[in-house]
Amino acid sequence: MQGPRPVVLSGPSGAGKSTLLKKLLKDYENIFGFSVSHTTRQPRPGEVNGKDYHFVTREVMQKEIDAGEFIEHAEFSGNMYGTSKGAVQAVQAQNQICVLDIDIQGVKNIKKTDLNPIYISVQPPSLDILEKRLRDRKTETEESLQKRLTAARVDLELSREPGLFDLVIINDDLEKAYSELKEMLLEEIKKTQESRKS
Ligand SMILES: Nc1nc2c(ncn2[C@@H]2O[C@H](COP(=O)(O)OP(=O)(O)O)[C@@H](O)[C@H]2O)c(=O)[nH]1
Ligand SMILES: Nc1ncnc2c1ncn2[C@@H]1O[C@H](COP(=O)(O)OP(=O)(O)O)[C@@H](O)[C@H]1O
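Residues numbered from 1 in each chain as written. Chains lettered and ligands numbered in written order. Predicted model: local features only at pLDDT ≥ 70, side-chain atom pairs only at ≥ 80, totals over all residues. Heavy atoms only, no water.

**Q** Talk me through the nonpolar core; I want residue IDs and the actual numbers.
**A** Counting residues in hydrophobic clusters, the biggest one holds 20 residues, and the most contacted among them are Leu9, Leu24, Tyr28, Phe32, Ile120, Leu181 and Leu185. Of all the secondary structure elements, the ones that give two or more residues to this core are strand S1 (7–10), helix H1 (17–27), strand S7 (97–101), strand S8 (118–123) and helix H7 (174–197). Counting residues per element, this core draws most heavily on H7, which supplies five residues. With residues up to four places along the chain from it excluded, the contact list for Ile120 reads Val7, Val8, Leu9, Ser10, Phe165, Leu167, Ile169, Leu181, Met184 and Leu185. Counting residues in each nonpolar core, the second largest holds 13 residues, with Val91, Ile110, Leu115 and Leu164 among its members. (Core = buried A, V, L, I, M, F, W, Y, C linked by side-chain atoms within 4.5 Å. Buried < 20%, exposed > 50% of the residue type's maximum accessible area, 1.4 Å probe, protein only. Helix = DSSP H or I, 4+ residues; strand = E, 2+ residues; numbered from the N terminus. Contact = heavy atoms within 4.5 Å.)

As structure tokens, this is what we get:
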């Protein structure tokens, strides 16, 4: 049976993907489910293994990739990130809309699969604002911040490719950005709510 269409949220680090996603998952607890990626980066304070990410070593992750357990994987800012088949299946088994938070390499690789998600790019109003938000978040060292800003420039450039995204959200005012996200997903939300009733 074909479940609801997944949703891909992409865009530069610090653009506001996690913030928007957390609001969505809170407001529609049963409707959306997060695809928990694997990563080799260190957990940040407050991040929970198995909830925010599966935090793994490079060796373990590479073994699982070689065993064909991943839909896509990429190197970002010196760490590996990837979506396992199990991560998406776990959400789809609950008949929830699966939301993936992945970088632009992930977007390009997912396009080669039959997942058929809705592709949304979340972007900052400017690079200066992005830098300020990343600094204020206080999660990065100067080195990782600079890597993220370099990746952000590449991301914003590649994101201009026509047809790559179904929607680009400029996250200036958070509530406005959230409204645009909900508006885009309204049809899938309704369908999922309806299917719960029958
Ligand atoms: N390709 C791919 N990218 C991912 C995956 N999980 C997270 N990312 C991306 O990796 C980048 C860094 O994520 P993270 O270290 O959590 O930093 P943050 O986005 O600044 O909070 C972001 O652009 C994420 O969208 C994944 O499974 N696959
Ligand atoms: N519209 C906004 N206005 C001001 N700050 C924001 C806005 N959206 C997100 N932020 C803040 O910017 C930082 C980066 O957001 P985050 O959701 O972590 O980005 P991402 O998941 O894309 O890396 C966080 O500290 C968050 O609270």
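Additional details are given in the paragraphs that follow.
**Q** Any details on the site of ligand 2? Residues and values, ideally.
**A** Around ligand 2, the structure places 13 residues, and the nearest of them are Gly14, Lys17, Ser18, Thr19 and Arg137. One of the backbone N or O atoms of Gly14 is found 2.7 Å from an oxygen atom in ligand 2. Between Thr19 and ligand 2, the recorded distance is 2.5 Å, taken from a side-chain N or O atom to an oxygen atom. Here ligand 2 has 570 Å² of accessible area as a free molecule, and 74% of this is covered by the chains. Looking at the shell around ligand 2, the elements with two or more residues in it are H1 and helix H5 (127–137). Taken together, the residues that form the shell around ligand 2 break down as three nonpolar, six polar and four charged. (Near = heavy atom within 4 Å. Polar contact = N/O pair within 3.5 Å; in protein donor to acceptor, adjacent residues only side chain to side chain. Areas by Shrake-Rupley, 256 points an atom, 1.4 Å probe, with all protein chains shown as cover. Nonpolar A, V, L, I, M, F, W, Y, C, P; charged D, E, K, R; others polar.)

**Q** A description of the environment of Tyr119 should follow, citing residues and the corresponding values.
**A** As for its position among the elements, Tyr119 is in strand S8. For Tyr119, a relative accessible area of 8% gives the class buried. Sequence spacing of Tyr119 and Phe70 is 49 residues, and the spatial spacing of their C-alpha atoms is 19 Å. Once residues lying within four places of it in the same chain are set aside, the contact partners of Tyr119 are Val8, Val107, Ile110, Lys111, Leu164, Phe165, Asp166 and Leu167. Only 3.5 Å separates the side chain of Tyr119 from the backbone nitrogen of Lys111, close enough to count as a polar contact.

**Q** Talk me through the pattern of salt bridges; I want residue IDs and the actual numbers.
**A** Considering all chains together, one arrives at 15 salt bridges under this definition. The partner of Glu140 in a salt bridge is Arg148, with the nearest N and O atoms 3.0 Å apart. Salt-bridge contacts for Glu157 lead to Arg160; the nearest nitrogen and oxygen are separated by 3.8 Å. In terms of burial, Glu157 and Arg160 fall into one category: exposed. Counted as one network, the salt bridges with shared partners bring together Arg44, Arg137, Glu140 and Arg148. (Salt bridge = Lys/Arg side-chain N within 4 Å of Asp/Glu carboxyl O.)

**Q** Please give an account of the pairing of S7 that cites residues and values.
**A** Buried residues dominate S7, accounting for five of its five residues. In S7, alternate side chains face the same way, and those of Ile97, Val99 and Asp101 on one face and Cys98 and Leu100 on the other are all buried. In this sheet, S7 lies alongside S1 in parallel orientation, the contact comprising three bridges. Bridge pairing links Val8 to Leu100 in S7. As paired elements, strand S2 (residues 32–34) and S7 share three bridges and run parallel to each other. (Pairing = 2+ DSSP bridges.)

Coordinates in, geometry out; function isn't part of it.
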